[in-house]
Amino acid sequence: MITDFNSIPETAKIWVFPASRKFYLQELPEIITKIEQFLTDWENENQPISAAFVIKYDRFIIVTANDTEQSLSLEAQDKLASFIQSLENSYELILMDRINVCYKQGEFVQYKALPEFKKMIKDKGVSQNTMVFNSMINLKEELEFGWEINIMDSWLGRFVK
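Notes on the structure follow. The structure displayed is predicted, hence computed values, not measured ones. (Residues numbered from 1 in each chain as written. Predicted model: local features only at pLDDT ≥ 70, side-chain atom pairs only at ≥ 80, totals over all residues. Heavy atoms only, no water.)

1. A look at the pattern of salt bridges
Right, on to step 1. Applying the stated criterion to the full structure yields five salt bridges.
Right, on to step 2. Two residues, K140 and E10, come together in a salt bridge whose shortest N-O distance is 3.3 Å. Taken together, the residues K140 in the loop between β8 (131–133) and α4 (142–145) and E10 in the segment before β1 (13–18) connect sequence positions 130 residues apart.
Right, on to step 3. Note on K140: relative accessible area 5%, which makes it buried.
Right, on to step 4. Looking at E10, the relative accessible area reads 39%, which means it is partly exposed.
Right, on to step 5. Of the charged contacts in the structure, one is a salt bridge between E27 and R21, with a shortest N-O distance of 2.8 Å. (Salt bridge = Lys/Arg side-chain N within 4 Å of Asp/Glu carboxyl O. Helix = DSSP H or I, 4+ residues; strand = E, 2+ residues; numbered from the N terminus. Buried < 20%, exposed > 50% of the residue type's maximum accessible area, 1.4 Å probe, protein only.)

Shown next, in the form of structure tokens:
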């Protein structure tokens, strides 16, 4: 059951799926429709899940579910993972690999494999002021202050000298 993103409690579970490329303008309406359909039908032990989503920077699918009254079963979480994998296959992109790095370069969001990003750091293509996206956040409240962060506040900061 889709609900307004702002009505989901701040302590609710959140998943951030960074895309390996920007979504194409012509893809977005179909992607949004597919997400809406999935969330409408998504259930937890035969009960509708109150869930919401946003797409940020035409590159991140962010899903949150109100799990404050009843924990989401592994089956419900697996259904979400399967759905995201179906989007990966349909649009030939990567969404499930959270170890790769999304970062801001000016106003643009870039996506790099971790070894490439480490090389950029070594080659001084990344500074201590670089903003990175922490796709490992778990709670909706972390989206505001723990998702888009300075590299020095992330686990990647240890590679920057």
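2. A few points about the pairing of strand β6 (residues 101–105)
Right, on to step 1. When β6 meets strand β7 (residues 108–112), the two strands line up antiparallel, connected through five bridges. Note on β7: the bridge partner recorded for V101 is K112.
Right, on to step 2. Linking two consecutive strands that pair antiparallel, namely β6 and β7, is a turn of two residues; a positive phi of about 70° is found at G106 within it. (Pairing = 2+ DSSP bridges.)

3. Overview of helix α2 (residues 74–91)
Right, on to step 1. If you check α2, its first and last C-alpha atoms are 26 Å apart, about what 18 residues at 1.5 Å a residue would give, namely 26 Å.
Right, on to step 2. Among the residues of α2, A76, L80, F83, I84, L87, E88 and Y91 are the ones counted as buried. For α2, the angular spread of buried residues about the axis comes to 150°, placing them on one side. Exposed and facing more than 90 degrees away from the buried side of α2 are L74, E75 and N89.
Right, on to step 3. Packed against the buried residues of α2 are β1, α1 (28–41), β2 (43–44) and β5 (60–65). (Expected span 1.5 Å × (residues − 1). Arc of directions from axis to C-beta. Contact = heavy atoms within 4.5 Å.)

4. A closer look at unusual backbone geometry
Right, on to step 1. Backbone geometry at D58 places phi at a positive 50°, although glycine is not the residue there.
Right, on to step 2. Looking at the element boundaries, D58 is found in the loop between β4 (51–56) and β5.
Right, on to step 3. Residue classification places D58 among the partly exposed positions, given a relative accessible area of 30%.
Right, on to step 4. Even without being a glycine, E92 presents a positive backbone phi close to 50°.
Right, on to step 5. Structurally, E92 is set in the loop between α2 and β6.

5. Overview of the nonpolar core
Right, on to step 1. In this structure, W42, I61 and L95 are the most contacted members of the largest nonpolar core, which totals 25 residues.
Right, on to step 2. Secondary-structure elements contributing two or more residues to this core are β1, α1, β4, β5 and α2.
Right, on to step 3. Sorting elements by how many residues they give to this core places α2 first, with six residues.
Right, on to step 4. Every residue in contact with W42, bar those within four places of it in the chain, is listed here: M1, W15, Q47, P48, I49, A51, V63, A65, L72, A76, K79 and L80.
Right, on to step 5. With 15 residues, the next largest nonpolar core counts A12, I14, F60 and V109 among its residues. (Core = buried A, V, L, I, M, F, W, Y, C linked by side-chain atoms within 4.5 Å.)

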